[in-house]
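Understanding the architecture of this molecule
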Amino acid sequence: MENQTIKDLSRPVRLVSLNALGRFDMLWIVCSEGLFRGLAGLIRYLLFITIAWFWATNILAQPVYDITNYGAKGDSISDNTLVVQKAIDAAARRGGGKVIVPKGKFVIAPIKLKSGVELLLTKDAVLLGSTKRLDYGAGHAQALISAKGASNIAITGEGVIDGRGAELVQDLIKQLEAGTLQDPDWKVKRPTEHNRPKLVLFEGCTNVVVKGITIQNGSGWIQDYLRCNNVLIDSITVNSTTYWNNDGIDITNSKNVSITNCYVNASDDAVCLKSEGDVLDSCVNVYIANCRLRSSANAVKLGTGSRGGFRNVKVEHIQVWDTYRSAIALEAVDGGFLENVEVRNIHALNTGNALFIRLGHRNKDEKVSRVKNIDISDMYVEVPAGKPDEGYPMEGPLLRYPPGVQPAPKGMAQSVSPWGHTRKDSTAIVYQHNVFPASITGLPGHYVENVRMQNIEIVYEGGADKSKALFPWQALDKITEATSSYPEFSMFGELPAWGLYVRHAKDITLKNVTLRYKKADFRVPVIFDDVQKLKLEKLSIPQTVELPALLLNDVKDYELKELSLPDANDQSIIVQ
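Report on the accompanying structure. (Residues numbered from 1 in each chain as written. Predicted model: local features only at pLDDT ≥ 70, side-chain atom pairs only at ≥ 80, totals over all residues. Heavy atoms only, no water.)

**A look at the overall build of the protein chain**
Put simply, the rule is: Secondary structure is summarised from DSSP: a helix means a run of H or I of at least four residues, a strand means a run of E of at least two, and numbering begins at the N terminus for each. Remark: exposure states derive from per-residue accessible area (1.4 Å probe, protein chains only) relative to the maximum for the residue type, with buried under 20%, exposed over 50%, and partly exposed in between. The contact definition used throughout considers only heavy atoms, calling two residues in contact when any of these lie within 4.5 Å. The Shrake-Rupley method, run with a 1.4 Å probe sphere, supplies the accessible areas, and residue values consider only the shown protein chains as cover.
Broken down by element type, the protein chain carries three helices and 33 strands. Scored against the burial criterion, the 576 residues of the protein chain give a buried share of 59%. Contacts spanning at least 24 positions in sequence make up 74% of the contacts within the protein chain whose residues lie at least 6 apart. Of the accessible surface of the protein chain, which amounts to about 22,500 Å², a share of 48% is contributed by carbon and sulfur atoms.

The structure is reproduced here in structure tokens:
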């Protein structure tokens, strides 16, 4: 065992290598001064308990429980729920052990993992979720694999967990049609999430490892880690474009979480942090790195649920492709906080939006969210004019006017927050728009604070068409605040900027940022509106059809240095 002393916290540091510990060949505890400032004691504590657990479960002779010894049959037909649970219970009674799933296709309904138990799926092992909805309970659907209040649990190996979501939803609809199950939304939209089981749900658990497995074909969220502490998710594959709400990895009010080396292809958010539910809590100390992500929603998202908040989050070395919405979406809209977030080394192709930062107020009380201390660096994104996820089994919904709202007559500025729902409504007209810009937006009197963007390049397809949509920059004061709207980069509708739109913000720094297009776009490249303390250094905008290239409206205390704009006679900049 190699144990490296912490000497420099200015960059990620590998603390421990566990090559001697069998299948768990490498544990990375990653820390950064910007992320875990003042938490050295916590890091040492996490290191100690994690090593202790791995030592106990891998070095010491732990009992092994092969599910076939309990009568499991991998014939893709037999119901193995009781015998798999029996193996888990036997391991738990003896203080822990490995429950082995060998080669074969084993059908199960919901099972519960218990403290000290590692569920190990060997190569060519498949756990098939039951396709009978009532097997998951008559009320809220139970998760296929769950644990509550457990410690030192793991799902590992090279095998597969397959929820068979498409078949399960077919059976669910049959039950709804027969009246066996109830659901208020299924006829006007789709069955609610509560009626569609998650594949993995760990609630209130400590010391959780999920490593190596493939998990696929859910009917709702694929996995959710709810109020857990010390979670390591590494080298897993998620393939789930089966149905709506197929989030790849959800972290809800959990702390000390590492998500690394994962591949996610999902019809909803690929990796999503949430802070919601009846218990007011938060996500703290989260590291996401070296992942490949595709989504018909967002690649990496903090929010939408944001009652508690998010603090000390680092995202780096992420590849994104064919993603409908944002590569990075940072949202606090329910009264919570979002602070101390670092994002670096993002490479996104064919992605609907590069960056979306939003402070909103959709909660009903007077508490307003806060968003501050965000550092974005080393980011390259290509934004197309078309639909990036076109052709995938579950595409993101087209934008529409809110039901009953008609487009304004041509030539009139109309600002409306488009309707991005999949709820059926024959009166909702498709919302025609040009390519949306990246955006950083707060509310009047409630600013997004201290955002730094450095070494960024965003390449837009361009090709804006005035006959499709036109919102002149002279009508800035008419842009909707969309205060309580669901947060998405399209929430303000057609904007007069094609590159970057910043409103209600404070302490904003852009350094070495390039915004360009492939086809001409008549709109203003960059707009700052109601911004305090703005610093632009080496901002490059090589093209524009019409001037200005940079619009500062109600901007106080700004510094412009070494800008590269299309017109050298100061006509590229308008300050008003």
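**Details of the pairing of strand S30 (residues 497–519)**
Our working definition: Between any two strands, pairing holds if DSSP finds at least two bridges.
Note: strand S28 (residues 438–441) against S30, four bridges, orientation parallel. Across the sheet, isoleucine 440 pairs through a bridge with valine 502, a residue of S30. Both strand S29 (residues 448–462) and S30 contribute to a ladder of twelve bridges, which runs parallel. Note on S30: the bridge partner recorded for valine 459 is arginine 516.

**Observations concerning the pattern of salt bridges**
This is how it is decided: One speaks of a salt bridge when a side-chain nitrogen belonging to Lys or Arg is within 4 Å of a carboxyl oxygen belonging to Asp or Glu.
Following the criterion strictly, the structure yields 24 salt bridges and no others. The salt bridge partner of aspartate 224 is lysine 198, with a shortest N-O separation of 3.0 Å. In this pair, aspartate 224 sits in strand S16 (residues 223–226) while lysine 198 sits in the loop between helix H3 (165–178) and strand S13 (200–203), placing the two residues 26 residues apart along the sequence. Here the salt bridges do not stand alone but share partners, grouping Arg311, Glu339 and Arg370 into one network.

**Digging into H3**
Here is the rule: Helix span, as expected, comes to 1.5 Å for every residue beyond the first. Working definition: the arc comes from the directions between the helix axis and the C-beta atoms, pointing outward to the latter.
The end-to-end C-alpha distance of H3, which contains 14 residues, comes to 20 Å, matching closely the 20 Å that a straight helix rising 1.5 Å per residue would cover. The set of residues buried in H3 consists of Gly165, Leu168, Val169, Asp171, Leu172, Gln175 and Leu176. Down the axis, H3 shows its buried residues gathered within 165° of arc, on one side only. Exposed residues on H3 whose side chains face more than 90 degrees from its buried face are Gln170, Lys174, Glu177 and Ala178. One or two positions beyond H3, positive phi appears at glycine 179, with a value near 85°.

**Digging into the nonpolar core**
As a rule of thumb, soluble globular proteins bury nonpolar side chains together. Going by this rule: To define a nonpolar core, start from buried Ala, Val, Leu, Ile, Met, Phe, Trp, Tyr and Cys residues and group those joined through side-chain atoms within 4.5 Å.
Ile155, Phe202, Tyr225, Ile259, Ile328 and Phe528 are the most contacted members of the largest nonpolar core, which has 117 residues in total. Contacts of isoleucine 155, omitting those with residues within four sequence positions, involve Leu113, Leu119, Leu121, Ile145, Ile161, Val200, Phe202, Val209, Val210, Lys211 and Ile213. Core analysis: the second largest hydrophobic core is formed by 22 residues, Phe471, Leu476, Ala482 and Ala497 among them.

**Some details on the environment of isoleucine 574**
Its place among the elements puts isoleucine 574 in strand S33 (residues 573–575). The sequence separation of isoleucine 574 and isoleucine 527 amounts to 47 residues, and the corresponding C-alpha distance is 9.8 Å. Other than its neighbours up to four places away in sequence, isoleucine 574 contacts Trp473, Pro548, Leu550, Leu551 and Leu552.

**Notes on the pairing of strand S25 (residues 309–332)**
Counting buried positions along S25 gives 21 out of 24 residues, so the element sits mostly inside the fold. Two strands pair when backbone bridges link them, and strand S23 (residues 282–295) and S25 are joined in this way by ten bridges, in the parallel orientation. Considered in S25, the bridge of cysteine 291 is made with isoleucine 318. Taken together, the three bridges between strand S24 (residues 300–306) and S25 define a ladder with parallel strand orientation.

**What about the environment of lysine 123?**
Structurally, the position occupied by lysine 123 is in the loop between strand S8 (117–121) and strand S9 (125–129). Taking the relative accessible area as the measure of exposure, lysine 123 reaches 55% and is therefore exposed. Note: C-alpha distance between lysine 123 and lysine 103 (20 residues apart in sequence) is 6.5 Å. In contact with lysine 123, not counting residues within four places along its chain, are Lys103 and Glu158.

**Examining a nonpolar patch on the surface**
Put simply, the test is: Exposure above 30% relative accessible area and the lack of any salt bridge qualify a residue for a patch; like charges then connect within 9 Å, and the nonpolar side chains Val, Leu, Ile, Met, Phe, Trp and Tyr within 5 Å.
Together, Tyr558, Leu560 and Val575 give the surface a local cluster of nonpolar side chains, amounting to about 240 Å² of exposed area. Taking the relative accessible area as the measure of exposure, valine 575 reaches 46% and is therefore partly exposed.

**Regarding the packing of aromatic side chains**
Threshold: Here a pair means two rings of Phe, Tyr or Trp (six-membered ring of Trp) with centres within 6.5 Å. Their orientation is stacked below 30 degrees between planes, edge-to-face above 60, and tilted elsewhere.
What the rule picks out here adds up to seven aromatic pairs. Both rings, one in tyrosine 263 and one in tryptophan 321, keep their centres 5.7 Å apart while their planes meet at 40°; by these two values the pair is tilted. One end of the pair, tyrosine 263, is in strand S21 (residues 263–266); the other, tryptophan 321, is in strand S25, with 58 residues separating them in the sequence. In this structure tyrosine 263 comes out as partly exposed when scored by relative accessible area, which is 25%. Ring centres of phenylalanine 492 and tyrosine 501 lie 6.2 Å apart, and the angle between their planes is 65°; on these two criteria the pair is classed as edge-to-face.

**Here's the deal with helix H2 (residues 81–93)**
Since there are 3.6 residues in each turn of an α-helix, residues three or four apart along the chain are aligned in direction. Given a rise of 1.5 Å per residue, 13 residues ought to cover 18 Å, and the 18 Å separating the end C-alpha atoms of H2 matches this to within 8%. If you check which residues of H2 are buried, you get Thr81, Val83, Val84, Gln85, Ala87, Ile88, Ala90 and Ala91. Phi turns positive one or two residues past the end of H2, at glycine 95, with a value near 90°.

**Here's the deal with the state of the cysteines**
Put simply, the test is: Criterion for a disulfide: a pair of cysteine sulfur atoms at a distance within 2.5 Å.
Counted according to the given criterion, the structure contains zero disulfides. Cysteine cysteine 228 is unpaired, with the sulfur of cysteine 205 as its nearest cysteine sulfur at 4.7 Å. Note on cysteine 228: relative accessible area 3%, which makes it buried. Take cysteine 272: it sits in no disulfide, and the sulfur closest to it among the cysteines is that of cysteine 283, at 8.9 Å. A relative accessible area of 0% places cysteine 272 in the buried class.

**Some details on the side chain of serine 296**
Using the following cut-off: We define a polar contact as two N or O atoms separated by no more than 3.5 Å, with the added condition that, inside protein, one atom must be a possible hydrogen donor and the other a possible acceptor, whereas residues neighbouring each other in sequence contribute only through side-chain atom pairs.
Mapping serine 296 onto the fold places it in the loop between S23 and S24. The exposure class assigned to serine 296 is buried, which follows from its relative accessible area of 2%. There is a polar contact of 3.0 Å between the side chain of serine 296 and the backbone oxygen of methionine 394. In this view, serine 296 contacts Ala266, Ser267, Asp268, Tyr324, Asp389, Tyr392, Met394, Glu395 and Gly396; residues no more than four positions away in its chain are not counted.

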